[in-house]
Amino acid sequence: MNSNCKSFKGVGLTAIVCLTFVAAVGQTPATLNGKKKPPQVHGPALRTERGNYSFRGLQVPIGQVSPAIEIPISNGGDVPLTGVSAVTHGDFVVTGTSCSGQLPAGETEKSRCAVSVAFRPTASGPRTGDLTIAANGALPMVVPLDAGIPVDFGSVPMGETSVVVVWLQTAGPLTGSVTGPFAMALQAPYTYGSIDGITFAPSSSGAPSNGALGLLLQFKATALGTQTGTVTLSDGTTYALTASVPDGL
């Protein structure tokens, strides 16, 4: 898993926008928004796009199933892919797939499909696993998954502010409420967001391609120690938040 983080500093402010994505080991992920895609591989090859495939921060009761995340799959080779299968490991389940039959070669809609994965915890605490995609003659593709880990703003000096973005697998509309020393806003991709007068733009190069909403979260350090809170959206989804304010003395 990789994170593309950018910091924006001003007087008493450090805004950090982090976009998380995963891709198959040893393969170059496809870029988005019409940018150059990786060259086609000779032979059968599986590929996935950039996206946020993490359930990090999502709070789900033991035994219940979270909203699903859709993971796009494509044929990155010059021969058709057959026998495409998807298997989860850990506390995750496949809830649906459009990957049936064969995926023709070439960058066309017919050479793409998707697998929907949900988080189903069997115990409390951090949970990790993966989605393994396989096809006849192709190297398996492993997509790491995690859940039960709060959205972490990291260590924020007293008086400064940190902002992170969580991409939601929905186009909305949604509303939400927040507890603790945090603030939030909901923005569509590629648009400017503002919280408490702090304005910034999520990077379009790291956003999912399915029209997902960006959940913009802000933490302002006003007290020392570990700070926690939650965000609850109108669809019932809840995220856990955490931040730390160190003693500078």
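Above this text is the structure in question.
What you are looking at is a predicted structure, and each value in this text was computed from that prediction instead of being measured.

Definitions and cut-offs
- Residues numbered from 1 in each chain as written.
- Predicted model: local features only at pLDDT ≥ 70, side-chain atom pairs only at ≥ 80, totals over all residues.
- Heavy atoms only, no water.
- Helix = DSSP H or I, 4+ residues; strand = E, 2+ residues; numbered from the N terminus.
- Contact = heavy atoms within 4.5 Å.
- Buried < 20%, exposed > 50% of the residue type's maximum accessible area, 1.4 Å probe, protein only.
- Pairing = 2+ DSSP bridges.
- Axes fitted to C-alpha atoms, helices over the stretch in contact; angles between N-to-C directions.
- Phe/Tyr/Trp six-rings, centres within 6.5 Å; stacked < 30°, edge-to-face > 60°.
- Salt bridge = Lys/Arg side-chain N within 4 Å of Asp/Glu carboxyl O.

A. Looking closely at the side chain of Ser111. With respect to the element layout, Ser111 can be found in the loop between strand E8 (102-103) and strand E9 (112-119). Residues within four places of Ser111 in sequence aside, it is in contact with Ile73, Ser74, Asn75, Leu103, Pro104, Ala105 and Gly106.

B. Quick peek at the environment of Met141. One can find Met141 in strand E11 (residues 141-147). Accessibility expressed as a relative area gives 0% for Met141, which makes it buried. Expressed as a C-alpha distance, the spacing of Met141 and Ile73, which sit 68 residues apart in the sequence, is 9.7 Å.

C. Layout of the sheet that holds E9. Taken in spatial order, the four strands line up as E3-E4-E9-E7 in an open sheet, and their pairing is antiparallel. Of all strands in the sheet, those with a lone pairing partner are strand E3 (46-48) and strand E7 (92-97), marking the two edges. Looking at each pair of strands side by side, their axes are set apart by 35° on average, direction ignored. Sheet analysis places E7 next to E9, joined by five bridges and oriented antiparallel. By the bridge assignment, Thr97 is partnered in E9 with Val115.

D. Region of interest: the packing of aromatic side chains. In the structure shown here, the tally under the stated rule is six aromatic pairs. Residues Phe92 and Phe119 carry aromatic rings whose centres are separated by 5.4 Å and whose planes lie at 40° to one another, so their mutual orientation is tilted. You can see Phe92 sitting in strand E7 and its partner Phe119 sitting in strand E9, a full 27 residues away along the chain. Of the two residues examined, Phe92 and Phe119, each falls in the buried class. Seen from their ring centres, Phe182 and Phe219 are 5.3 Å apart, and the 40° between their planes marks the pair as tilted. Within this pair, whereas Phe182 is found in strand E15 (residues 182-187), its partner Phe219 is found in strand E18 (residues 213-220), the two being separated by 37 residues in sequence. Given a relative accessible area of 8%, Phe182 falls into the buried group.

E. Summary view of the pairing of E11. Among the seven residues in E11, five count as buried, and that is most of the element. Note: strand E10 (residues 127-134) against E11, seven bridges, orientation antiparallel. Paired with Leu131 across the strands is Val143, a residue of E11. In this structure, the hairpin formed by E10 and E11 is closed by a connection of six residues, where Gly137 is found at a positive phi of approximately 80°.

F. Local environment of the pattern of salt bridges. Enumeration according to the criterion identifies three salt bridges in this entry. Across the pair Arg56 and Asp146 runs a salt bridge, and its minimum N-O distance is 3.0 Å. Separated by 90 residues along the polypeptide, Arg56 in the loop between E3 and strand E4 (69-75) and Asp146 in strand E11 bring together distant segments of the chain. Owing to a relative accessible area of 35%, Arg56 belongs among the partly exposed residues under this scheme.

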